[in-house]
Amino acid sequence: MAYAAYREHPGALRSHAPMTANSGSPFHVLDVTVCCADALRVRRSIAGCPDAGVVRCEPLLHACCSQESDAPCVRLMIRLPLARYADVLHRLIECVPSGEIGRLVSWREHLARCGLRHGH
């Protein structure tokens, strides 16, 4: 199976506006879900991509198995500048056979999702 994209809820806010000087950071965060067994391979591959890195690895404890496997999964949150988006996707596809690629969010939106305001 190839990679699957997350489907956004129809009412979900979409923030695809380019980063501005007021937004504070040129970085974005990409959520990727892979099997636990593949997480280390992904982390090592992303570590070799300049300016990108895994900022969070969250085990998914609820039933989050893919259609082809009952293996437990993890969600990796990858920080990257927009210029490295294609490089990161290429590395993901090269190092693991399948997974789910979520939407790209701004660094500020990522911090808000994690319960942090203004990076504090």
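Rules behind the numbers
Residues numbered from 1 in each chain as written. Predicted model: local features only at pLDDT ≥ 70, side-chain atom pairs only at ≥ 80, totals over all residues. Heavy atoms only, no water. Helix = DSSP H or I, 4+ residues; strand = E, 2+ residues; numbered from the N terminus. Buried < 20%, exposed > 50% of the residue type's maximum accessible area, 1.4 Å probe, protein only. Areas by Shrake-Rupley, 256 points an atom, 1.4 Å probe, with all protein chains shown as cover. Salt bridge = Lys/Arg side-chain N within 4 Å of Asp/Glu carboxyl O. Expected span 1.5 Å × (residues − 1). Arc of directions from axis to C-beta. Pairing = 2+ DSSP bridges. Axes fitted to C-alpha atoms, helices over the stretch in contact; angles between N-to-C directions. Left-handed = near helix turned anticlockwise from the far one by under 90°. Contact = heavy atoms within 4.5 Å. Nonpolar A, V, L, I, M, F, W, Y, C, P; charged D, E, K, R; others polar. Polar contact = N/O pair within 3.5 Å; in protein donor to acceptor, adjacent residues only side chain to side chain.

Caption draft 1: Representation of the overall build of the chain in the model. Regarding its fold elements, the chain presents three helices and five strands. Beginning at the N terminus, the succession of helices and strands in the chain can be written as β-β-α-β-β-α-β-α. A burial count over the chain gives 36% of its 120 residues as buried. Element-wise, carbon and sulfur atoms account for 56% of the exposed surface of the chain, whose accessible area totals about 7,600 Å².

Caption draft 2: Fine view of the pattern of salt bridges. Counted according to the given criterion, the structure contains four salt bridges. With a shortest N-O distance of 2.3 Å, arginine 41 and aspartate 38 are connected by a salt bridge. In this pair, arginine 41 and aspartate 38 both sit in helix 1 (residues 36–47), three residues apart, roughly one turn of the helix. Its relative accessible area of 41% is what places arginine 41 among the partly exposed residues. Taking relative accessible area as the criterion, aspartate 38 reaches 10% and is therefore assigned buried. The salt bridge partner of glutamate 58 is arginine 56, with a shortest N-O separation of 3.7 Å.

Caption draft 3: Local environment of helix 1. The terminal C-alpha atoms of helix 1, which comprises 12 residues, lie 17 Å apart, in line with the 16 Å expected from a rise of 1.5 Å per residue. Taken together, the buried positions of helix 1 are Asp38, Ala39, Val42, Ser45 and Ile46. Seen along its axis, helix 1 keeps its buried residues to an arc of 135°; they face one direction. Exposed positions of helix 1 whose direction lies more than 90 degrees from the buried face are Ala37, Arg44 and Ala47.

Caption draft 4: Spatial organisation of the pairing of strand 2 (residues 27–35). Of all the nine residues making up strand 2, nine are buried; the element is thus mostly covered by neighbouring parts of the structure. Where strand 2 and strand 4 (residues 73–81) come together, nine bridges link them in antiparallel fashion. Bridged to valine 32 within strand 4 is leucine 76. Taken together, the five bridges between strand 2 and strand 5 (residues 100–106) define a ladder with antiparallel strand orientation. Pairing of valine 29 across the sheet is with valine 105, part of strand 5.

Caption draft 5: A look at the packing of helix 1 against helix 2 (residues 85–95). Between helix 1 and helix 2, the shortest axis-to-axis distance is 9 Å and the interhelical angle comes to 145°. Here the hand of the crossing between helix 1 and helix 2 comes out right-handed. On helix 2, the residues that touch Arg41, Val42, Ser45 and Ile46 of helix 1 are Val88, Arg91, Leu92 and Cys95. Here the contact of helix 1 with helix 2 is built from residues that sort into five nonpolar, one polar and two charged.

Caption draft 6: Quick look at the side chain of aspartate 38. Only 2.3 Å separates the side chain of aspartate 38 from the side chain of arginine 41, close enough to count as a polar contact. Those residues in contact with aspartate 38 that sit more than four places away from it in its chain are Val96 and Pro97.

What is shown is where atoms sit, not what they do.
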